[in-house]
Amino acid sequence: MRRAACPGSFDPVTNGHIDIIGRAASLFDEVVVAVGVNAAKKRLFTAEERIEMLTEACAPWPNVTIDSFDGLLTDFCRDRDVHAIVKGLRAVSDFDYELQMAQMNSSLSGVETVFVPTRPEYSFLASSLVKEVARFGGDVSRLVPAHVLGRLTTRLSETS
Ligand code: PNS
C-alpha cells in the first residue's frame, strides 16, 4: 500500500490544490490531505471549515481522505504510515523553500517528497491571492469550486 500526504493550509482550497490532489490520487493507492492547524497563524476559515470544503472538493476520489495535524508533518506521516509527501510546484520561486522543507523532512524521518508541476493555468494561483482579489470584489469564480466561492463571499462580507 503506497500512501501519500498532500499537506497545506488550504485557507481555502483552490482549483490548483484540487488538481494536485487528484493527480496524487492517481499516483498513490491512498492520499491523505493533511490540513495544517497552526493556532498561531490567523486564518480566514477554521480548521473544521477547511476540512469541510476539502471533503466536498475531494469527493470524486474514493482513495482520498482528509485529516488535520498540529505539529511536525513528519510526525503526522509516521503516525499515519505515510511514505511520501506530494507538493505542487508552481514556479521556480516555490522551489527554494520547497526543496529546503523536503530536505529537512527527509533528514528528520527519511520521508520522501514528490514534486508535481502545477498545470500552467494554475501557476499563479494561491489561496492568499484568491482572498485578496475576492476581498476587493474581483472575480475568482474560475479559481475555486462553487461551494468554496459561496463560503468565501459570505465570510468576507461578515469580516469587512
Ligand atoms: O499551504 P502552506 O501554508 O504552504 O502549508 C505549509 C505546511 C502546513 C505544509 C507547512 O508549513 C508544514 O509542513 N507545517 C508543519 C510544521 C512542520 O513540519 N515544519 C517543518 C517543515 S520542514
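Values in this document were obtained by computation on a predicted structure and should not be read as measured data. (Residues numbered from 1 in each chain as written. Predicted model: local features only at pLDDT ≥ 70, side-chain atom pairs only at ≥ 80, totals over all residues. Heavy atoms only, no water.)

Trainee: I tried to follow empty space enclosed by the protein on my own but got confused; where do I start?
Mentor: If a probe the size of a water molecule is rolled over the atoms, the empty space left behind becomes visible. Inspection of every chain in the model, using the stated rule, returns one cavity of 30 Å³ or more. Size it by volume and the largest cavity reaches roughly 30 Å³. Around the largest cavity sit Ile85, Lys87, Glu98, Met101, Ala102, Asn105 and Thr113, which together line it. Where the lining of the largest cavity is concerned, the elements lending two or more residues are strand S4 (84-89) and helix H4 (92-109). Partitioned by chemical class, the residues of the lining of the largest cavity number three nonpolar, two polar and two charged. (1 Å grid on protein atoms, 1.4 Å probe; cavity = no way out; pocket = protein on both sides within 12 Å on 5 of 7 lines; lining within 4 Å. Points joined across faces, edges and corners; volume = space filled by probe spheres on them. Helix = DSSP H or I, 4+ residues; strand = E, 2+ residues; numbered from the N terminus. Nonpolar A, V, L, I, M, F, W, Y, C, P; charged D, E, K, R; others polar.)

Trainee: Can you help me understand the environment of aspartate 19 in this one?
Mentor: By the element assignment, aspartate 19 lies in helix H1 (residues 15-27). When the C-alpha atoms of aspartate 19 and methionine 101 are compared, they prove to be 22 Å apart, with 82 residues separating the residues in sequence. A polar contact is formed between the side chain of aspartate 19 and the side chain of arginine 23, at a distance of 2.9 Å. (Polar contact = N/O pair within 3.5 Å; in protein donor to acceptor, adjacent residues only side chain to side chain.)

Trainee: Looking at this structure, I do not really get the pattern of salt bridges. What am I missing?
Mentor: Close approach of charged atoms allows side chains with opposite charge to pair. The full count for this structure, using the stated rule, is 13 salt bridges. For glutamate 30, the salt bridge is made with arginine 3, and the minimal N-O distance between the two is 2.7 Å. One end of the pair, glutamate 30, is in strand S2 (residues 30-36); the other, arginine 3, is in strand S1 (residues 3-8), and 27 residues separate them in sequence. The exposure class assigned to glutamate 30 is partly exposed, which follows from its relative accessible area of 28%. Residue class for arginine 3 comes out buried when judged on its relative accessible area of 17%. The salt bridge partner of glutamate 98 is lysine 87, with a shortest N-O separation of 2.8 Å. Within this pair, whereas glutamate 98 is found in helix H4, its partner lysine 87 is found in strand S4, the two being separated by 11 residues in sequence. Look at lysine 87 and you get buried, because its relative accessible area is 14%. Residues participating in the shared-partner salt-bridge network are Arg3, Glu30 and Asp81. (Salt bridge = Lys/Arg side-chain N within 4 Å of Asp/Glu carboxyl O. Buried < 20%, exposed > 50% of the residue type's maximum accessible area, 1.4 Å probe, protein only.)

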